[in-house]
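Residues per chain, in single letters:
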Amino acid sequence: MKIIRLMHGKLHRVRVTAANVDYIGSISIDPDLMEKVGILPLEEVDIVNLNNAHRWSTYAIPALRGSREICPNGGAALLCQPDDILIIYAYEQCDRHDIMMKGHKAKVLVADENNNIADFFEQTLTNNNGEIEFQERVLGN
């Protein structure tokens, strides 16, 4: 069995609302955004800051629902500042053979300047006569 890591959820171009160096760690994310792409509380996420190219891994925790909060905590708060634009990726371990046979789906939320949903779509891998095919499909808000 060959295990590979595939992206299953992405929050694209979310804006940092606060950075809290005094918190123990993690990134606080509005649960509405987390749920939309399937990120669970305590799930490991990779983060890229598009303003300064800093990259780090941490875990997601829910912020206040409906707040549209994106708040890096602990040491990560030193890697960004409010209004920076982030990409937050969540991955899952998958059996390569299963993916080749059954495919894979990932959800992507693109945020507007207030962390509301500007675009929402699904990226899929499907088996098409033995070849893996990549497709994107808009799901709406």
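Residues numbered from 1 in each chain as written. Predicted model: local features only at pLDDT ≥ 70, side-chain atom pairs only at ≥ 80, totals over all residues. Heavy atoms only, no water.

A few words on a nonpolar patch on the surface. On the surface, a nonpolar cluster with roughly 250 Å² of combined accessible area is contributed by Met100, Met101 and Ile132. Its location among the elements puts Met100 in helix α2 (residues 96-102). (Patch = residues over 30% accessible without salt bridge, like charges linked within 9 Å, V, L, I, M, F, W, Y side chains within 5 Å. Areas by Shrake-Rupley, 256 points an atom, 1.4 Å probe, with all protein chains shown as cover. Salt bridge = Lys/Arg side-chain N within 4 Å of Asp/Glu carboxyl O. Helix = DSSP H or I, 4+ residues; strand = E, 2+ residues; numbered from the N terminus.)

The phi dihedral of Arg68 falls on the positive side, at around 60°, and the residue is not glycine. Residue position: Arg68 is located in the loop between β4 (55-62) and β5 (70-72). A relative accessible area of 19% means that Arg68 is categorised as buried. With phi around 65°, Asn115 is a residue other than glycine that occupies positive phi space. Here Asn115 shows up in the loop between β7 (104-111) and β8 (117-128). (Buried < 20%, exposed > 50% of the residue type's maximum accessible area, 1.4 Å probe, protein only.)

Position of Glu43 relative to the elements: it lies in the loop between α1 (31-37) and β3 (44-49). Spatially, the C-alpha atom of Glu43 lies 7.7 Å from that of Ala90, the residues being 47 residues apart in sequence. Excluding its chain neighbours within four sequence positions, the residues that come into contact with Glu43 are His8, Gly38, Thr58, Tyr59, Ala60, Ala90 and Tyr91. One polar contact links Glu43 to His8, side chain to side chain, over a distance of 2.7 Å. A polar atom in the side chain of Glu43 sits 2.9 Å from the backbone nitrogen of Leu40. (Contact = heavy atoms within 4.5 Å. Polar contact = N/O pair within 3.5 Å; in protein donor to acceptor, adjacent residues only side chain to side chain.)

Below, the discussion takes up the pattern of salt bridges. With the rule as written, the count across this model stands at six salt bridges. Between Asp46 and Arg5 there is a salt bridge whose closest N-O contact spans 3.1 Å. With Asp46 in strand β3 and Arg5 in strand β1 (residues 3-15), this residue pair connects regions lying 41 residues apart in the sequence. Ionic pairing is found between Arg65 and Asp32, a salt bridge with its closest N-O pair at 2.6 Å. Of this pair, Arg65 sits in the loop between β4 and β5 while Asp32 is found in helix α1, placing the two residues 33 residues apart along the sequence. The partly exposed category is assigned to Arg65, whose relative accessible area is 46%. Looking at Asp32, the relative accessible area reads 29%, which means it is partly exposed. Salt bridges linked by common partners bring Asp30, Asp32, Glu35, Arg65 and Arg68 together as one network.

Let us now look at the nonpolar core. The biggest cluster of nonpolar side chains holds 22 residues, and the ones touching the most others in it are Leu11, Ile29, Ile39 and Ile88. The next biggest cluster of nonpolar side chains, apart from the first, holds eight residues, and it includes Tyr89, Ala106, Val108 and Val110. (Core = buried A, V, L, I, M, F, W, Y, C linked by side-chain atoms within 4.5 Å.)

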